[in-house]
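# Topology and contacts: notes
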Amino acid sequence: MQTRHFDLVIIGTGSGNSIIGPDHDDLDIAIIEKGVFGGTCLNVGCIPTKMFVYPADVVGAATHAQRLGITHAEAEVDWPAIRDRVFGRIDQIPPAGERYRQSLPNVTVYKGEAKFVGERTIDTGTGEVITADQVVVAAGGRPIMPSIPGLEHADPSRGVHTNDTVMRMDELPKRMIIIGAGFIAAEFAHVFATFGVELEWLQRSDIALRDEDETVSEVFTEYAVKNNGLRLNTTVVGAEYSNGVWTLATESPEGSRTYQAETVLIAIGREPNTDLIDARAGGIAMHPDGRIIVDEYQRTNVPGVWALGDISSDWQLKHVANLEARTIAHNLTHPDDLIASDHRFVPHAVFGYPQIASVGKTEQQLVAEGADYLVKIQKYGDVAYGWAMEDQLGFCKVLADRATGHILGAHILGYQASTVIQPLIQAASFGQTAHEVARGQYWIHPALAEVVENALLGLEPPA
Ligand SMILES: Cc1cc2nc3c(=O)[nH]c(=O)nc-3n(C[C@H](O)[C@H](O)[C@H](O)COP(=O)(O)OP(=O)(O)OC[C@H]3O[C@@H](n4cnc5c(N)ncnc54)[C@H](O)[C@@H]3O)c2cc1C
Ligand SMILES: NC(=O)c1ccc[n+]([C@@H]2O[C@H](COP(=O)([O-])OP(=O)(O)OC[C@H]3O[C@@H](n4cnc5c(N)ncnc54)[C@H](O)[C@@H]3O)[C@@H](O)[C@H]2O)c1
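Residues numbered from 1 in each chain as written. Chains lettered and ligands numbered in written order. Predicted model: local features only at pLDDT ≥ 70, side-chain atom pairs only at ≥ 80, totals over all residues. Heavy atoms only, no water.

### Observations concerning the pattern of salt bridges
This model, assessed by the stated rule, comprises 23 salt bridges. Here Glu 262 ties to Arg 175 by a salt bridge, and the two come within 2.9 Å at their closest N and O atoms. Taken as a pair, Glu 262 in the loop between β14 (255–261) and β15 (263–266) and Arg 175 in strand β9 (residues 175–179) lie far apart in primary sequence, 87 residues in all. A relative accessible area of 24% means that Glu 262 is categorised as partly exposed. Between Arg 231 and Glu 200 there is a salt bridge whose closest N-O contact spans 2.7 Å. (Salt bridge = Lys/Arg side-chain N within 4 Å of Asp/Glu carboxyl O. Helix = DSSP H or I, 4+ residues; strand = E, 2+ residues; numbered from the N terminus. Buried < 20%, exposed > 50% of the residue type's maximum accessible area, 1.4 Å probe, protein only.)

### Details of the layout of surface pockets
In this structure, the second largest pocket encloses a volume near 1500 Å³. Mapped by element, the contributors of at least two residues to the lining of the second largest pocket are α2 (46–64), α6 (183–194) and α7 (214–227). A per-element tally of the lining of the second largest pocket places α2 first, with twelve residues. By residue class, the composition of the lining of the second largest pocket is 22 nonpolar, 17 polar and eight charged. Both domain 2 (156–268) and domain 3 (354–457) contribute no fewer than three residues apiece to the lining of the second largest pocket. (1 Å grid on protein atoms, 1.4 Å probe; cavity = no way out; pocket = protein on both sides within 12 Å on 5 of 7 lines; lining within 4 Å. Points joined across faces, edges and corners; volume = space filled by probe spheres on them. Nonpolar A, V, L, I, M, F, W, Y, C, P; charged D, E, K, R; others polar. Domains from an automatic or database assignment.)

### Considering the site of ligand 1
The full set close to ligand 1 counts 36 residues, and Glu 33, Thr 40, Lys 50, Ala 114 and Asp 310 are the nearest of them. Within the backbone of Ala 114, an N or O atom sits 2.8 Å from a nitrogen atom of ligand 1. In this structure, an oxygen atom belonging to ligand 1 sits 3.3 Å away from a side-chain N or O atom of His 319. Here ligand 1, which alone exposes 1000 Å², has 93% of that area covered by the protein. Counting only elements with at least two residues in the shell around ligand 1, the list comes to α1 (39–44), α2 and α8 (318–333). By residue class, the composition of the shell around ligand 1 is 13 nonpolar, 16 polar and seven charged. (Near = heavy atom within 4 Å. Polar contact = N/O pair within 3.5 Å; in protein donor to acceptor, adjacent residues only side chain to side chain. Areas by Shrake-Rupley, 256 points an atom, 1.4 Å probe, with all protein chains shown as cover.)

### Things to note about the domain arrangement of the protein
The assigned domain composition of the protein is domain 1 (2–45 + 86–143 + 271–333), domain 2 (156–268) and domain 3 (354–457). In this assembly, five residues from domain 1 lie in contact with six residues from domain 2. Summed over both partners, the interface of domain 1 with domain 2 comes to about 580 Å²; 59% of that surface belongs to carbon and sulfur atoms. Counting the surface domain 1 buries against domain 2, the share from its top three residues, Val 44, Phe 87 and Pro 143, is 79%. For the pair domain 1 and domain 2, the number of links is one salt bridge. (Contact = heavy atoms within 4.5 Å. Buried area = accessible area lost by both parts, 1.4 Å probe.)

### So, the state of the cysteines
When the sulfur atoms of two cysteines share a covalent bond, that bond is a disulfide. Throughout the structure, instances matching the rule amount to one disulfide. The disulfide partner of Cys 41 is Cys 46, and the gap between their sulfur atoms is 2.3 Å. Given an S-S torsion of about -135°, the disulfide between Cys 41 and Cys 46 has left-handed geometry. (Disulfide = S-S within 2.5 Å.)

Right under this line is the structure:
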């Protein structure tokens, strides 16, 4: 095996690929990718899912328009056309990104599965072992599979999917069973239910989106039970495949039951790829759940080795992986002026139906901490635009420190929640008080953002 030394090696081309910039022109860099250039978000995550969510939102809006006096003919969903539109656009990007990297004189692209064989020493999986002064581990994660015989591996040919394959199905199945009720399940349940697939959506615990603020998860769960086939407290204990149909055996407090469908979507969480890269052989310390331990500067315990994104972060979110990549991009070339990743107010959104967005602490976390807080829940339907929409579900919940008025958490469920929440993310991040944000600016009337204004005004003024 040949051995070559680099200034910098990057493992993974998701957010890892965005590290390389003009500051690094003088470095001899290797980047290693085992799969498709661009990583999860671009190829099998954020971007394609939202490209399916958008048409689902369009169909959903037409359906919900009945209460506004508009009826449409039933939507005809042309799955191959939707799928080919999505991937016809996405599939052009990875080869272009790879070609660009290969065109840079100081970058060598290895197409192989990287494994540490020593400290800062990596087998590229291409017949070459390389060493480096600095290594960035950005190898992400993968779907967790259940330990149920038949379902331990994705097998699209038999209708067992994860997010990696479900968006490329040849045709829309008549029936689908979704296992899990987190982010991925919520978004795909919205897409497939809206596209007319008969859903059985099985969740082993008593609530969907468990980590959200409890008001949000309760309203979301109630809607999903009523409209999207969600079944709670239902644990899958066995699976059989016969004549193109899966029969899943389940246990619940009501007893044993089976569910049948041609397609099963597994969405029970994601695990870090530290085993694939043999992080242990590189001397890299890990949490019990397999994530790499990093400090606020994204340093691991091994000098010169950094990690970012899903393989190390507390958050499996693209904007977090990107921020951590920016931290490392700076720190690689500024050893005496390190910057820390800002994880104070990490927001997220779940692009299902109803849409959800959140930042900061949940009310249950504040209760557990014994915090002295103010809370206001403002309904969409009680501000002008929400009233015009005849919205019956949406709300904005704001939590603020009683003494200072600082925003501690904000949780929105409803139309465009992911956009409506942004002023609250800004206020929390810049330390503005609820009163300042509500009173210190105009709020366009009668825009939906008034739901945020009224939530803030509804908090008692700070003592
Ligand atoms: C269905 C879905 C929807 C999502 N939607 C959103 C969303 O709307 N918003 C949001 O913020 N986040 C979303 N996420 C999460 C987001 O995609 C991830 O947090 C983000 O992509 C993580 O980036 P990363 O760079 O850490 O890892 P990745 O993008 O996964 O990149 C890791 C790369 O490393 C490569 N690799 C792994 N092992 C090796 C090895 N041994 N050798 C060489 N290469 C290797 C992989 O092939 C991959 O290309 C979604 C995730 C999924 C699954
Ligand atoms: N819009 C977004 O930002 C977005 C969208 C999709 C995914 N993501 C990221 O990807 C991550 C992974 O998503 P996910 O939905 O797979 O995970 P998740 O952690 O959000 O949800 C996992 C679900 O599976 C259930 N579960 C866990 N183990 C199980 C088991 N053994 N059997 C049955 N059910 C089980 C849990 O109760 C939970 O409902 C998310 O945490 C999120 O960070 C983000």
